[in-house]
Amino acid sequence: MGPEPQKVLDYHGDNAIFMVWNFKPGIAVKDSFQRVCALVINLNNSAGNRFPDSGASCVMGIGHDAWLRLELPTPLPEELENFAPVIGEKHTAVSTKGDLHFHIRGTGKSLCYDMASAIAEVLSPVATSVEEVHGFRYWDGRSILGFVDGTENPQGKDRAYFGLIGDNDPAYRGGSYLFVQKYIHNLAAFKALTVEEQEKVFGRYKWDDVEMPDDIKPANSHIALSNVGDDLKIIRDNMPFGNMSTNEMGTYFIAYASTFTTVKKMLDNMFIGLPPGNYDRLLDFSTAKTGTLFFVPSATFLDNVASGLPALETGGANAEDKTGKLPGDGSLNIGSLKK
Ligand code: HEM
């Protein structure tokens, strides 16, 4: 049997909490990581058992540097590295550090809050919370800019095809690349546009969410540049957020993909432009404040770590890496969670 994925393919609920944590320097972190792996499994099982209709789930991603510090299996997932900034003539997709990422979603806020709070309790002694965004469903799934976000996402069985690693990296089957960016919008400038001008920014009509015909859709519209082909898709689960007192209105962009190359191609088109210089008009109203690549291992991997087993053990064909050795063997051999 193949590894069980984390809940990366879930459809989003009405609420989300996104958290990025960085390990403190110079201290041992493996025990806390082991505890947090057990906690993530526990939180998902408990939410499913207690509130089966809550849609509540928690997905954990691990950054490149944390992977090395935790001595997780080598070879690493093929495309796991520190995100290199994408620098266009006018706009830059910045790169920021992140050791662990938590994507918590649910219909109600209470479960999301409790999950975040439980994670913070375990991590606080060894890590610092560097980003926390509380996202909410805005009307019929609109971004805070007023356009419906998520319509062209893969649906049904396509989600697993585009969202999860399969034969492209068999040792990490069931895993996923997670890329996040926190965008702040210049809402005043966007609102100053007429609705027709706003629609040209996205390449879609505002109220009915219909795509513009190709002969009308501007070449620098968001969907003209982010659509890189029917065979190259990602799973997006963006959420808006807003704070009146700090005037920070934004979009937490979050994408899962079976390969990071697809996300990178979209970012190149948006920030550098296609052809170069024809960058995404959406960026004139949106500034990326963060940008981090994580790897989301399977739930089986987290379970193994929690139980002190080799992380990649599946008990089946997937237990072997490309060299034929048991991957992860002995690399995270820390004791049991049981007190
Ligand atoms: C400023 C942050 C962003 C906002 C507010 C935003 C919003 C939107 C909206 C409203 C749509 C149209 C409806 C839909 O199909 O979802 C869309 C489409 C899309 N966006 Fe974004 N987006 C943002 C950033 C990004 C980034 C950074 C990427 C990729 C790295 C991306 C990739 C896509 C893709 C692939 C589509 C579907 C294109 C298609 O096939 O028609 N978006 N986005």
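Residues numbered from 1 in each chain as written. Predicted model: local features only at pLDDT ≥ 70, side-chain atom pairs only at ≥ 80, totals over all residues.

The name given to the chain in an unreviewed UniProt entry is Putative iron-dependent peroxidase, with Parafilimonas terrae as the source organism. Note on the chain: under the UniProt heading Sequence similarities (unreviewed entry), the record states "Belongs to the DyP-type peroxidase family." (UniProt positions renumbered as here; feature names shortened; annotations may be inferred.)

Spanning 13 residues, helix 8 (residues 260–272) covers 17 Å between terminal C-alpha atoms, matching the ideal 18 Å at 1.5 Å per step. Across the 13 residues that make up helix 8, a large majority, 10, are buried. Contact partners of the buried residues in helix 8: strand 3 (86–87), strand 4 (92–93), strand 7 (176–185), helix 7 (222–226), strand 10 (248–257) and strand 12 (292–296). Gly-273 lies just past helix 8 and shows a positive phi near 105°. (Helix = DSSP H or I, 4+ residues; strand = E, 2+ residues; numbered from the N terminus. Expected span 1.5 Å × (residues − 1). Buried ≥ 20, exposed ≤ 12 C-beta atoms within 10 Å, placed from the backbone. Contact = placed C-beta atoms within 7 Å.)

Attention shifts here to the nonpolar core. Counting residues in hydrophobic clusters, the biggest one holds 91 residues, and the most contacted among them are Val-40, Ala-255, Ala-257 and Leu-302. Considering every element that reaches this core, the biggest residue donor is helix 1 (residues 30–50), with 8 residues. Leaving out residues up to four positions away in the same chain, Leu-302 has contacts with Cys-37, Val-40, Ile-41, Met-60 and Pro-297. (Core = buried A, V, L, I, M, F, W, Y, C linked by C-beta atoms within 7 Å.)

This part covers helix 9 (residues 299–306). In terms of residue burial, helix 9 counts as a mostly covered element, since 7 of its 8 residues are buried. Contacts made by the buried residues of helix 9 are with helix 1 and strand 2 (57–62). Gly-308 occupies a position one or two residues after helix 9 and carries a positive phi of about 75°.

Within the structure, the ligand sits among 25 residues, and Glu-152, Ser-226, Asn-227, Met-266 and Ser-286 are positioned closest to it. Considering only residue class, the shell around the ligand consists of 12 nonpolar, 9 polar and 4 charged. (Near = placed C-beta within 6 Å. Nonpolar A, V, L, I, M, F, W, Y, C, P; charged D, E, K, R; others polar.)

Next up on the list: the UniProt feature "domain: Dyp-type peroxidase C-terminal" (unreviewed entry) in the chain. According to UniProt, the "domain: Dyp-type peroxidase C-terminal" (unreviewed entry) feature falls on residues 141–300. Split by type, residues 141–300 is 24% helix and 22% strand. Its first and last C-alpha atoms lie 32 Å apart.

Let us look at the pairing of strand 5 (residues 100–106). Burial analysis of strand 5 places 7 of its 7 residues in the buried class, which makes it a mostly covered element. Side chains Leu-100, Phe-102, Ile-104 and Gly-106 of strand 5 all project onto a buried face; the interleaved residues His-101, His-103 and Arg-105 project onto the opposite face, where all are buried too. Summarising the sheet, strand 1 (residues 15–23) and strand 5 pair through 7 bridges and their orientation is antiparallel. Counterpart to Val-20 in the pairing with strand 5 is His-101. Bridge analysis of strand 2 against strand 5 gives 6 bridges, and the strand direction is antiparallel. Among the inter-strand pairings, Ile-62 is bridged to a residue of strand 5, identified as Leu-100. (Pairing = 2+ DSSP bridges.)

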